[in-house]
Amino acid sequence: MMGDDWLNNATTRDAYGEHVERQLEREIEVEVARVRERAAEIGLRYERRVVLGKPAECLLEAAVDIKPDLVVIGSPRPARVRGLRSRMQLETLVRALAAPLLIVPYPG
């Protein structure tokens, strides 16, 4: 097969989608474990939710429900760092978010 022709098969496309989801789940679980441990050490209350949709819109909906004192997100990964990337629409987020927003730089 040449190029992306292999994606034209529905079964293969579904299998690839499942592979991507599993990869995301593994990456998320590593970060959740790290945050859970650190939050417990310092007595920080946090909430984890899994939602589907556009990241900025999902975050805004959660913020309306939770009414957080602060929203913290990570900056995009540098191009040299492996891993899947989401596309947070910062302009959408900052225009509508009622709470302060902290963007934490990627460690490095």
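Our structure is the block above this text.
Please read these numbers as outputs of a predicted model, since none were measured by experiment.

Basis of the calculations
- Residues numbered from 1 in each chain as written.
- Predicted model: local features only at pLDDT ≥ 70, side-chain atom pairs only at ≥ 80, totals over all residues.
- Heavy atoms only, no water.
- Helix = DSSP H or I, 4+ residues; strand = E, 2+ residues; numbered from the N terminus.
- Buried < 20%, exposed > 50% of the residue type's maximum accessible area, 1.4 Å probe, protein only.
- Contact = heavy atoms within 4.5 Å.
- Salt bridge = Lys/Arg side-chain N within 4 Å of Asp/Glu carboxyl O.
- Patch = residues over 30% accessible without salt bridge, like charges linked within 9 Å, V, L, I, M, F, W, Y side chains within 5 Å.
- Areas by Shrake-Rupley, 256 points an atom, 1.4 Å probe, with all protein chains shown as cover.
- Lys, Arg positive; Asp, Glu negative; His and termini not counted.
- Charge placed at Lys NZ, Arg CZ, Asp CG, Glu CD.
- Pairing = 2+ DSSP bridges.
- Core = buried A, V, L, I, M, F, W, Y, C linked by side-chain atoms within 4.5 Å.

## Details of the overall build of the protein chain
For the protein chain, the helix and strand inventory stands at three helices and two strands. Taken from the N to the C terminus, the helices and strands of the protein chain come in the order α-α-β-α-β. Expressed as a percentage of the 108 residues in the protein chain, the buried residues total 13%. Put simply, of all contacts in the protein chain between residues at least 6 apart along the chain, 62% involve residues at least 24 apart.

## Focus on the pattern of salt bridges
On inspection of all chains with the given rule, the structure shows six salt bridges. The partner of E29 in a salt bridge is R48, and the shortest N-O contact between them spans 2.8 Å. Taken together, the positions of E29 in helix α1 (residues 10–42) and R48 in the loop between α1 and α2 (55–66) put the pair 19 residues apart, joining distant regions of the chain. You can call E29 partly exposed: its relative accessible area is 40%. We classify R48 as partly exposed; its relative accessible area is 41%. A salt bridge links E41 to R38; its shortest N-O distance comes to 3.0 Å. Taken together, the positions of E41 and R38, both in helix α1 and three residues apart, correspond to about one turn of that helix. The class of E41 is exposed, set by a relative accessible area of 52%.

## Side note on a nonpolar patch on the surface
Residues L70, V72, L102 and V104 make up a contiguous nonpolar surface patch of about 320 Å² in total accessible area. Inspection of the secondary structure puts V104 in strand β2 (residues 101–104). Looking at V104, the relative accessible area reads 37%, which means it is partly exposed.

## Notes on a negative patch on the surface
There is a patch of like negative charges on the surface, built from D14, E18, E21 and E25. Relative to the helices and strands, E18 is located in helix α1.

## Let's talk about the pairing of strand β1 (residues 71–74)
Side chains V71 and I73 of β1 all project onto a buried face; the interleaved residues V72 and G74 project onto a face where none is buried. The pairing of β1 with β2 spans four bridges and is classified as parallel. Its bridge partner being in β2, I73 is matched across the sheet by I103.

## Concerning unusual backbone geometry
Residues other than glycine seldom take positive phi values, yet K67 does so here, at roughly 55°. According to the relative accessible area criterion, K67 is exposed, its value standing at 63%.

## Concerning the nonpolar core
Counting eight residues, the largest nonpolar core consists of A56, L60, A63, V71, I73, L93, L97 and A99. Going through the elements one at a time, α2 and β1 are the ones with two or more residues in this core. With three residues, α2 is the largest single contributor of residues to this core. Each residue touching A99, except ones within four places of it in the same chain, is listed here: P68, D69, L70 and V71.

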